[in-house]
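Secondary and tertiary structure notes
Listed below are the residues making up each chain.
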Amino acid sequence: MPDVKEALKCMARGRCWPTCKDAPNVSLSYTTPAACPPQYGLYELDACGRQVLTGCTKTGVINVAQDGNPSWTRVWFNTGAVENGAVIEYSEAARAALGTAIDPTFDLDYRAWVATQPPAQPPLTCYD
């Protein structure tokens, strides 16, 4: 995690793009946070009282590809922030390979978000 934070700081300053000579089958690609995880979403209520995703508290995401798996891990972060709050989302393959060495923050944030969600309600009849 410290290496990821240092790489993110460096990229935020426009100074570098990290590479790893010891991991030749690993590549990085910067993407947009369009597929924001629900626990980092910004929501508003529409006219019918439904929650609508309007943004993401994470402003950037890096896909880390390994051995042909394009989303082996995804690093979600906040660009330009001193403390960027980077969290790592692990694929099942990454979880299997890393075992207990993973950082649980992403999963803990998701569980905390789920615990705050109201119980499922039947759909409302609403005329937009």
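First things first, this report covers the structure right here in the doc. (Residues numbered from 1 in each chain as written. Predicted model: local features only at pLDDT ≥ 70, side-chain atom pairs only at ≥ 80, totals over all residues. Heavy atoms only, no water.)

1. Some details on the pattern of salt bridges
Tallied over the entire structure, the rule returns 3 salt bridges. Taking the shortest distance from any N to any O, the salt bridge between Glu92 and Arg95 comes out at 4.0 Å. Taken together, the residues Glu92 and Arg95, both in helix α2 (residues 92-98) and 3 residues apart, mark about one turn of the helix. For Arg95, the salt bridge identified is with Asp107, shortest N-O distance 2.8 Å. Linking Arg95 in helix α2 with Asp107 in helix α3 (residues 105-115), this pair joins segments that are 12 residues apart in sequence. Under the relative-accessibility criterion, Asp107 is labelled buried at 17%. (Salt bridge = Lys/Arg side-chain N within 4 Å of Asp/Glu carboxyl O. Helix = DSSP H or I, 4+ residues; strand = E, 2+ residues; numbered from the N terminus. Buried < 20%, exposed > 50% of the residue type's maximum accessible area, 1.4 Å probe, protein only.)

2. Observations concerning the pairing of strand β5 (residues 69-77)
Taken together, the 6 bridges between strand β4 (residues 60-66) and β5 define a ladder with antiparallel strand orientation. Opposite Val64, over in β5, you have Thr73 as the bridge partner. Joining the antiparallel neighbours β4 and β5 is a turn of 2 residues, in which Asp67 adopts a positive phi near 50°. As paired strands, β5 and strand β6 (residues 87-90) are joined by 4 bridges and run antiparallel to one another. What sits directly across from Arg74, in β6, is Glu89. (Pairing = 2+ DSSP bridges.)

3. Side note on the nonpolar core
If you look at the biggest cluster of nonpolar residues, it comprises 10 residues: Ile62, Val64, Trp72, Val75, Phe77, Ala86, Ile88, Tyr90, Ala94 and Ile102. Every element with two or more residues in this core is listed here: β4, β5 and β6. Top contributing element to this core by residue count: β5, with 3 residues. Counting 7 residues, the second-largest nonpolar core is a separate cluster that includes Cys56, Val61, Val87 and Phe106. (Core = buried A, V, L, I, M, F, W, Y, C linked by side-chain atoms within 4.5 Å.)

4. Some thoughts on the side chain of Asn63
Its location among the elements puts Asn63 in strand β4. Relative accessible area serves as the criterion here: at 9%, Asn63 is assigned to the buried category. Separated by 2.6 Å, the side chains of Asn63 and Arg74 make a polar contact. (Polar contact = N/O pair within 3.5 Å; in protein donor to acceptor, adjacent residues only side chain to side chain.)

5. What to know about the packing of aromatic side chains
When we look at a pair of aromatic rings, we describe it by the centre distance and by the angle of the planes. Applying the stated criterion across every chain, the model contains 2 aromatic pairs. When the centroid spacing of 6.0 Å and the interplanar angle of 55° are considered together, the rings of Tyr40 and Phe106 count as tilted. Residue Tyr40 is found in the loop between β1 (26-31) and β2 (41-45), and its partner Phe106 is found in helix α3; the two are separated by 66 residues along the sequence. When the ring of Tyr110 is compared with that of Trp113, the centres are 5.9 Å apart and the planes differ by 35°; the resulting orientation is tilted. (Phe/Tyr/Trp six-rings, centres within 6.5 Å; stacked < 30°, edge-to-face > 60°.)

Purely geometric stuff here, so don't read any function into it on its own.
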